[in-house]
Amino acid sequence: MRSVVVTGLGATTPLGGDVPSTWSALLAGESGAAALTAEWAQRLPVRIGAPLRKECAGALGRLEARRLDRSQQIALLAAREAWHDAGSPQVEPQRLAVVFGTGLGGVHTTIDQHTRLENHRPGMVSPFTIPMIMPNGAAAVVSLELGARGGAHAPMSACASGAEAIATGLALIRSGRADVVVAGGTDACLHPLPLAAFTKMGTLSTRNDSPETASRPFDRDRDGFVMGEGAGAVVLERGEFAASRNARAHAVLAGADVTSDAHHMTTPNSDGQIRAIRGALMSADLTAAEVSHVNAHATGTRLGDETEARSIAEAVGSHPSVAATKAQTSHLIGGAGAVEAIFTILTMRESVIPASRNLDQVDVGVPIDVVSGEPRAASVEAAISNSFGFGGHSVVLAFTQ
Amino acid sequence: MTESRDDILASVARTMAEVTDVSEADVRLDKHLIDDLELDSLSLAEFGVALQERFGIELSDEQVAELQTVSDVVDVVRAARDQGVTAG
């Protein structure tokens, strides 16, 4: 089977405008969450969120800022960083593919243009509305940027979209369809409608008076997630291709699996999660005992964290360290899986496990080793990253050194 | 008060430079929007929306699609201004 290596990393998140700044803020235990001070937020029941640490407009061309939805803008920035980090591989355009997922797509544009339609008339709607709201827009934008002609795919699995994009990239290379794939996920939906809607589902933390302590995965006092915005991207390469150009590999993407649980639209289910973990290990030719670290999906909802903890304990065991990085980043929706894949890779490469902030007492019903307090030095040979999404999607990525 | 063609041209040029990658200095009366300034159909449509906002006029999609040259743009803006048609 073709080996696949990760040669480039890129991200823009509530912790930083790129991978190095995001990673150092993660290790420092900083929170990306803040009170939403805009006027539109004041009538909402939940008025906290995690905006980008570094506003993206300054890094974009004037027309990019005008003609791309915010979710596409940040996808482009993350992809550029990853591509640059990989050393801008020389690859035939037909052998270069893009896979970019999103949970909600062009939310800002959809709502803004609807407002325009209501306040003016149909003729005043932007002609770029459709390219800005279509869920494949981010994949298309990145493929245009890089001249990728080997396919531009856009998997949709809600909060697992970024991870599913990476799993799809692995499949494209393993099947011989591509030598290089830029894969990632993005979302930018800090807007009253998604905030009101997630609140109505009972999924968001209501700690309006204390945003920095609101995201507390696995903690006894968790009460939901904090919605953030962000994008992550990786460059995947066929191992021989990367070796032939002497590219530096951050890690090996050893395996992945994607399952659906057909259980309930929004209630998590251990069966699908366990099958995805076991499937990823089989795909990576790893045993559960060999996995020493898990980057958990862990959003901070009561039931979600408990279900995931059970799945980890059953499919991997109680021995791996667990990182719940949404404690710092908040929940980046479609961007989460890609950003957390990057965290998993950096954990292995740097031999340090980020400590989750806001974890006073683990309360999930099963014993798992969630790292809190200070980052923990540890050599990690094999790790998995979990991502789950509304709709019953479970995606697990397995990385090795 | 009727604006001069030069005043309208200057505003048209500024508008185009804001919403496309055409530079203000290139927007001259004899320039063809597609052949010279290389606007594609979406750019032209967006330029049409921006013109309506800047000048407070109402243009139909057909009027915008029929524009050929910068001179046509100035004429259609001036006519709409003179009619006192205002956009919502």
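Throughout, a residue's number is its position along its own chain's written sequence, starting from 1. For this description, chains carry letters from A and ligands carry numbers from 1, given in the order in which they are written. Reporting of local features is limited, given that this is a predicted model, to residues whose pLDDT is at least 70; pairs of side-chain atoms are given and counted only at 80 or more, and all residues count toward the totals for whole chains, interfaces and linings. No hydrogens and no water enter the side-chain calculation; it runs on all heavy atoms of the structure.

Another aspect to go through is unusual backbone geometry. Residue and element names in this part refer to chain A. The phi angle at Ser 88 is positive, at roughly 45°, despite the residue not being glycine. Following the sequence through the fold, Ser 88 ends up in the loop between helix 3 (70-85) and strand 4 (96-102). In this structure, Ser 330 takes a positive phi of about 75° despite not being glycine. Runs of E in the DSSP output that reach at least two residues are strands. Runs of H or I that reach at least four are helices, and both are numbered from the N terminus. With respect to the secondary-structure elements, Ser 330 resides in the loop between helix 12 (326-329) and helix 13 (336-350).

Moving on, we come to the interface of chain A and chain B. Every residue pair with non-hydrogen atoms within 4.5 Å of one another is taken to be in contact. At the interface, 13 residues of chain A touch 18 residues of chain B. The term buried area means the drop in 1.4 Å probe accessible area that two parts suffer when joined, counted for both and summed. Together, the buried faces of chain A and chain B total about 1,300 Å²; carbon and sulfur atoms form 48% of this surface. Of all residues in chain A, Arg 66, Arg 121 and Pro 127 of chain A give up the largest surface area on contact with chain B, accounting jointly for 37% of the area buried on that side. A side-chain nitrogen of Lys or Arg and a carboxyl oxygen of Asp or Glu constitute a salt bridge if their distance falls within 4 Å. The residue Glu 46 of chain B makes a salt bridge to Arg 66 of chain A at a minimum N-O spacing of 3.0 Å. Pairs of N or O atoms within 3.5 Å make up the polar contacts considered here, provided that, within protein, one atom can donate a hydrogen while the other can accept it, and that residues adjacent in sequence are counted only when both atoms are side-chain atoms. Taken together, the connections running from chain A to chain B amount to 8 residue pairs in polar contact (both at pLDDT 80 or more). Among the elements that make up the side of chain A that touches chain B, the one with the highest residue count is helix 2 (residues 62-67) of chain A (4 residues). Amino acids outside the nonpolar list (Ala, Val, Leu, Ile, Met, Phe, Trp, Tyr, Cys, Pro) and the charged list (Asp, Glu, Lys, Arg) are all regarded as polar, and Gly is one of them. The class makeup of the residues in the side of chain A that touches chain B is 5 nonpolar, 3 polar and 5 charged.

A word on the domain arrangement of chain A. All names here are of chain A. Bear in mind that the domain bounds are from an automatic or database domain assignment. Split by domain assignment, chain A resolves into domain 1 (4-244) and domain 2 (255-400). Inter-centroid distance (C-alpha atoms) of domain 1 to domain 2 is 20 Å. Domain 1 puts 65 residues into the contact, and the matching count from domain 2 is 61 residues. Buried area between domain 1 and domain 2, both sides added, is near 4,700 Å², and the carbon and sulfur share of it is 67%. When the area that domain 1 buries against domain 2 is broken down by residue, the three leading residues are Trp 23, Phe 218 and Arg 222, summing to 19%. If you look at where domain 1 meets domain 2, you find 2 salt bridges. Residue Asp 360 pairs with Arg 216 through a salt bridge whose shortest N-O separation is 3.0 Å. Taken together, the links from domain 1 to domain 2 amount to 25 residue pairs in polar contact (both at pLDDT 80 or more).

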